[in-house]
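What follows is each chain in one-letter form.
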Amino acid sequence: MKAAVCERYGPPEVVQIREVPTPVPADGEVLVEAFATTVNSGDARVRALRVPRGLRLPMRLKLGVTKPKQPIFGFEMAGRVEAVGEAVTRFQPGDRVVASRGFDFGCHAEYITVAEEGAIAKIPEDLSYEDAVAVCFGGATALNFFRVGNLAAGETVLINGASGAVGTMSVQIAKDIGAEVTAVCSGANADVVKGLGADHVVDYTTEDFTRNGQRYDVVMDNHGNAPYARIKGSLKPGGRFLMIIGDLWQMVAATWQKATISGGDNKTAISADSYRDLMSLAERGALKPVIDSVLPFADIAEAHRRVDSDHKVGSVVLTFGQDG
Ligand SMILES: NC(=O)c1ccc[n+]([C@@H]2O[C@H](COP(=O)([O-])OP(=O)(O)OC[C@H]3O[C@@H](n4cnc5c(N)ncnc54)[C@H](OP(=O)(O)O)[C@@H]3O)[C@@H](O)[C@H]2O)c1
């Protein structure tokens with residue numbers, strides 16, 4: 001099969017399409033043929049080893065000291081079950097699914113295997129592979145942080161970095177929960193986030209939301225330029241700060257800042273339950289995919305370049321050439 005292989009850290013060109021062995025499903029595993037995948041901010045971070053301050057060494061130790069231990073990136077994919085291992089009962093060949101191997105990556109390939117009990121869920125009939133995969137990365141992140149942060153109906157939430165993959169899904173999920181949403185993005189993307197349901201928009205190029213006197217029950221930072229020290233004056237008493245991205249010192253400080261939530265258990269965030277919830281939100285129209293661009297799998301380096309821009313709108317999707 002073809003896979004995008006990255007044998008050293010570096011610019012988008014280090015990602016090369018190669019022929020590699022097709023995986024074989026073990027007992028309890030499902031083999032899925034990919035129809036669509038994404039290049040997300042996590043893939044681009046790992047490729048470039050572009051990590052927040054203080055985290056370079058821990059990341060090298062986790063991901064590979066001199067080169068990536070897992071050379072095939074890709075966090076999620078949508079495709080069709082090709083075969084199942086013995087003992088698999090919940091899936092059968094032909095099922096349309098979204099799937100992830102979490103931080104084992106491997107989804108930038110024509111086939112992946114995933115445990116039946118892992119992060120895999122059926123795609124509703126009316127949802128295309130591209131649309132299904134586009135909601136996964138941002139949607140799973142938003143669901144996880146809003147759950148851990150107990151975002152509730154009637155509360156106010158400010159979402160910084162509202163037009164990216166995590167932001168666009170967060171705006172919609174917060175609205176579905178019943179919160180009042182303030183979205184922070186560039187003016188160019190104001191109409192996008194309003195179209196997703198944002199009640200108020202702050203254009204960060206002309207206004208600093210930390211200095212306008214407004215306070216919120218929840219502040220979510222999807223960009224990394226709004227740490228707790230900067231936003232604490234924007235929280236109501238009892239307010240929560242969802243730190244989607246932070247450096248080592250901010251992570252250490254989070255352990256004694258009562259208001260800061262730095263994520264939950266990754267196994268809960270990227271799970272069958274979470275993917276099933278996302279698919280049902282999409283099925284009932286509460287979660288619309290936001291797709292920046294769709295490129296053929298062969299153009300994966302171009303997709304990485306777009307993600308590196310820091311200004312994509314929603315998800316960058318790659319397709320594998322089938323009609324679906
Ligand atoms: N902790 C976790 O579990 C977790 C999970 C997923 C992602 N993440 C992290 O979350 C971050 C966001 O991921 P993503 O995939 O949503 O990224 P993304 O799609 O690349 O989105 C980046 C967004 O940031 C906005 N932005 C750029 N400059 C800004 C500024 N000065 N102020 C406010 N917003 C600004 C951009 O909006 P404009 O184009 O309108 O400027 C863009 O929409 C990444 O750092 C990623 O690594 C963490």
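Quick notes on the rules
- Residues numbered from 1 in each chain as written.
- Predicted model: local features only at pLDDT ≥ 70, side-chain atom pairs only at ≥ 80, totals over all residues.
- Heavy atoms only, no water.
- Pairing = 2+ DSSP bridges.
- Helix = DSSP H or I, 4+ residues; strand = E, 2+ residues; numbered from the N terminus.
- Buried < 20%, exposed > 50% of the residue type's maximum accessible area, 1.4 Å probe, protein only.
- Contact = heavy atoms within 4.5 Å.
- Near = heavy atom within 4 Å.
- Polar contact = N/O pair within 3.5 Å; in protein donor to acceptor, adjacent residues only side chain to side chain.
- Areas by Shrake-Rupley, 256 points an atom, 1.4 Å probe, with all protein chains shown as cover.
- Nonpolar A, V, L, I, M, F, W, Y, C, P; charged D, E, K, R; others polar.
- Axes fitted to C-alpha atoms, helices over the stretch in contact; angles between N-to-C directions.
- Parallel < 35°, antiparallel > 145°, perpendicular 65-115°, else oblique.

J.: Can you help me understand the sheet that holds strand β13 (residues 260-261) in this one?
T.: By way of backbone hydrogen bonds, the strands of a sheet pair with one another, either parallel or antiparallel. In spatial order, the strands read β10-β9-β8-β11-β12-β13; together these six strands make up an open sheet with parallel pairing. Only two strands of the sheet have a single partner each, and these edge strands are β10 (200-203) and β13. Pairing of strand β8 (residues 156-160) with strand β9 (residues 180-185), which is carried by five bridges, proceeds in the parallel orientation. Bridge pairing links valine 157 to valine 181 in β9.

J.: Explanation requested: the environment of isoleucine 261 in the structure shown.
T.: Looking at the element boundaries, isoleucine 261 is found in strand β13. When its relative accessible area of 14% is taken as the criterion, isoleucine 261 is described as buried. When the C-alpha positions of isoleucine 261 and glycine 149 are compared, they lie 6.7 Å apart, and in sequence the two are 112 residues distant. In contact with isoleucine 261, not counting residues within four places along its chain, are Phe145, Val148, Gly149, Arg240, Phe241, Leu242 and Met243.

J.: When you look at the site of the ligand in this model, what are you seeing that I'm missing?
T.: Surrounding the ligand, one finds 24 residues, the nearest of these being Ser41, Arg45, Ser186, Tyr204 and Lys312. Here an oxygen atom of the ligand and a backbone polar atom of glycine 164 are 2.9 Å apart. Between valine 166 and the ligand, the recorded distance is 2.8 Å, taken from a backbone N or O atom to an oxygen atom. Protein contacts shield 87% of the accessible area of the ligand, which totals 930 Å² for the unbound molecule. Here the shell around the ligand takes three residues from helix α4 (residues 136-148), the largest share from any one element. Its residues assigned to classes, the shell around the ligand comprises eight nonpolar, 13 polar and three charged.

J.: Explain the packing of α4 against helix α10 (residues 272-283) here, please?
T.: Working note: a packed helix pair is described by the angle between its axes plus the distance between those axes. With their axes 10 Å apart at the nearest point, α4 and α10 run at an angle of 110° to one another. With respect to their mutual orientation, α4 and α10 come out roughly perpendicular. Contacts between α4 and α10 involve Cys136, Gly139, Ala140, Leu143 and Arg147 from the first element and Ser274, Tyr275, Asp277, Leu278, Met279 and Leu281 from the second. Looking at side-chain class alone, the contact of α4 with α10 contains seven nonpolar, two polar and two charged residues.

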